[in-house]
Amino acid sequence: MPIPDIRAFVKSLVAAAVDVGRRTGIPVEALLAIPINETGGDVVGNILYGIKGKGKTVDTWEVVNGKRVNIKDGFRSYASPKAAMEDFARFLNENDRYK
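Residues numbered from 1 in each chain as written. Predicted model: local features only at pLDDT ≥ 70, side-chain atom pairs only at ≥ 80, totals over all residues. Heavy atoms only, no water.

1. Here we look at the overall build of the protein chain
Stage number 1. Looking only at helices and strands, one finds 3 helices and 2 strands in the protein chain.
Stage number 2. Helices and strands in the protein chain line up, N terminus first, as α-α-β-β-α.
Stage number 3. The C-alpha radius of gyration of the protein chain comes to 14 Å, within 12% of the 13 Å expected for a compact globule of 99 residues.
Stage number 4. C-alpha extents for the protein chain along the principal axes are approximately 40 × 35 × 25 Å.
Stage number 5. Restricting the contact set of the protein chain to residue pairs at least 6 apart, pairs at least 24 apart contribute 45%. (Helix = DSSP H or I, 4+ residues; strand = E, 2+ residues; numbered from the N terminus. Rg over C-alpha atoms; globule rule 2.2 N^0.38 Å. Contact = heavy atoms within 4.5 Å.)

Okay, here's the thing in structure tokens:
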């Protein structure tokens, strides 16, 4: 598997991150850094933030009893990166856990 061009990946997200960050108060740096951590730049279905739910089922992993276990799980997927960022911002702003 080729290594994704992370700079190109980030560049493709900057305009949306600036807009969403300005409107929601979520730092642009977070809107850009988290997708790199979650995806490594290899994005499927605009799943940028790893929010589980109905959407697209993909290969992923969980830690079970201290060991990595490969699984398939459902994640929220989006029509665009900007839609993913907007939902992520809503997710953070509406969940007491993140306040």
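2. What about the nonpolar core?
Stage number 1. Core analysis: the biggest nonpolar cluster contains 17 residues, and L13, L31, L48, Y49, M85 and F88 have the highest contact counts within it.
Stage number 2. Secondary-structure elements contributing two or more residues to this core are α1 (6-24), α2 (28-39) and α3 (81-94).
Stage number 3. Setting aside its immediate chain neighbours within four residues, L48 contacts F9, L13, I34, P35, E38, T39, V43, P81, A84 and M85. (Core = buried A, V, L, I, M, F, W, Y, C linked by side-chain atoms within 4.5 Å. Buried < 20%, exposed > 50% of the residue type's maximum accessible area, 1.4 Å probe, protein only.)

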